[in-house]
Amino acid sequence: MVEERTPAIRSVRRIDLSGFWLILKHTIPTTYETLLAFGLSIPLGIMLAGLMIYSKLAYQALYPNIVFFQLIPKIALAPLFIVWLGIGASSRVTFSIFISFFPILVATATGLQSVETTMLRLCRSLRMSQWQILIRVRFPTSFPFIFSGMKVAVTLAIIGIVVGEFIASQQGLGYLILFASSRQQTDLALACIAVLCVVGIALYGCVSAFEKLLMRWYDTR
């Protein structure tokens, strides 16, 4: 009986190992593109927020249009990015940036405007320039707001990449979920979803850890 079960156990282990390496193979491009999109959305959101805070013309020109496009269902816009940029990582990353920079933009703008009026008057009395006020007062004060936006943005970045992989891709966890579902391999699809959750939690934890380190470093100065 033991000898009869041994080949079966070996075959199951081979299947499990093959599934593990398959998921790992598709996890790498999804994670890389998520990090790329999230990394690019951070400076984009912060710079646009700073521009709109210091320029009423930029605020009136940009903010209503940004809000309008954010109100459109994202899944409806995803195919347009594929048409414009083609089937590839560029379309997925661009779409992910499009949906993930908005929380950073709103949070940063709120943080930059949260400085007390008395503090701004004190800075002006010391003849500090607008750039010095931004770097030394407004920006440090807005750190908690920026990181709150980043925590939301990192989850949206994953969603954007996976949606792009659903529509047009030959790699990534989104593609593997569709492939497994078409072959009724529920276990493989659920395993991919679990890996996506792990990746999302890990990235969220990295943002939280970096926030604590930065705030600790800033408090010691």
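In this text, all values refer to a predicted model and were calculated from it rather than measured experimentally. (Residues numbered from 1 in each chain as written. Predicted model: local features only at pLDDT ≥ 70, side-chain atom pairs only at ≥ 80, totals over all residues. Heavy atoms only, no water.)

Visitor: Lay out the overall build of the chain in plain terms, naming residues and giving numbers.
Guide: The number of helices and strands found in the chain is 9 helices and 0 strands. Start at the N end of the chain and walk to the C end: the helices and strands fall as α-α-α-α-α-α-α-α-α. Its C-alpha atoms give the chain a radius of gyration of 23 Å, more than 25% over the compact-globule value 17 Å for 221 residues. C-alpha atoms of the chain, sized along the principal axes, occupy 90 × 45 × 20 Å. The 221 residues of the chain split such that 40% are buried. Considering only intrachain contacts with a sequence separation of at least 6, the fraction spanning at least 24 residues in the chain is 74%. Just so you have it, the chain exposes about 13,500 Å², and 68% of that area is on carbon and sulfur atoms. Looking at charge distribution, the chain has the averaged site of its 18 positive side-chain charges lying 15 Å from that of its 9 negative ones. (Helix = DSSP H or I, 4+ residues; strand = E, 2+ residues; numbered from the N terminus. Rg over C-alpha atoms; globule rule 2.2 N^0.38 Å. Buried < 20%, exposed > 50% of the residue type's maximum accessible area, 1.4 Å probe, protein only. Contact = heavy atoms within 4.5 Å. Areas by Shrake-Rupley, 256 points an atom, 1.4 Å probe, with all protein chains shown as cover. Lys, Arg positive; Asp, Glu negative; His and termini not counted. Charge placed at Lys NZ, Arg CZ, Asp CG, Glu CD.)

Visitor: Residue-level account of the packing of aromatic side chains, with values.
Guide: Enumeration over the complete set of coordinates arrives at 7 aromatic pairs. Clustering of aromatic rings is evident, with ring pairs tying together Phe81, Trp84, Phe95 and Phe98. (Phe/Tyr/Trp six-rings, centres within 6.5 Å; stacked < 30°, edge-to-face > 60°.)

Visitor: Quick rundown of the side chain of threonine 108? Include the residues and the values.
Guide: In this structure, threonine 108 sits in helix H4 (residues 89-112). Residue threonine 108 is classed as buried on the basis of its relative accessible area of 1%. For threonine 108, the side chain forms a polar contact with the main-chain oxygen of isoleucine 104, separated by 2.6 Å. Every residue in contact with threonine 108, bar those within four places of it in the chain, is listed here: Ile46, Ala49, Ser142 and Ile146. (Polar contact = N/O pair within 3.5 Å; in protein donor to acceptor, adjacent residues only side chain to side chain.)

Visitor: Please provide a residue-by-residue account of the confidence of the model for the chain, values included.
Guide: This prediction gives the chain a mean pLDDT of 83; 90% of its residues lie at or above 70. By mean pLDDT, helix H1 (residues 2-54) is the weakest element of the chain at 76, and helix H7 (residues 143-167) is the strongest at 91. Every residue in residues 1-5 is under pLDDT 50, and counting partners more than four places away or in other chains gives 0 contacts. A low-confidence stretch, residues 7-15 (pLDDT under 50), is modelled with 0 contacts involving residues beyond four sequence positions or located in other chains. (pLDDT = per-residue confidence, 0-100.)

Visitor: Describe the pattern of salt bridges, with residues and values.
Guide: Under the definition given, this model contains 2 salt bridges. The closest approach of N and O atoms between arginine 92 and glutamate 33, which form a salt bridge, is 2.8 Å. Remark: glutamate 33 occurs in helix H1 and arginine 92 occurs in helix H4; sequence separation between them is 59 residues. Take glutamate 33: its relative accessible area is 4%, and that puts it in the buried class. In this structure, the salt-bridge partner of lysine 151 is glutamate 211, at a minimum N-O distance of 3.0 Å. Taken as a pair, lysine 151 in helix H7 and glutamate 211 in helix H9 (residues 186-219) lie far apart in primary sequence, 60 residues in all. (Salt bridge = Lys/Arg side-chain N within 4 Å of Asp/Glu carboxyl O.)

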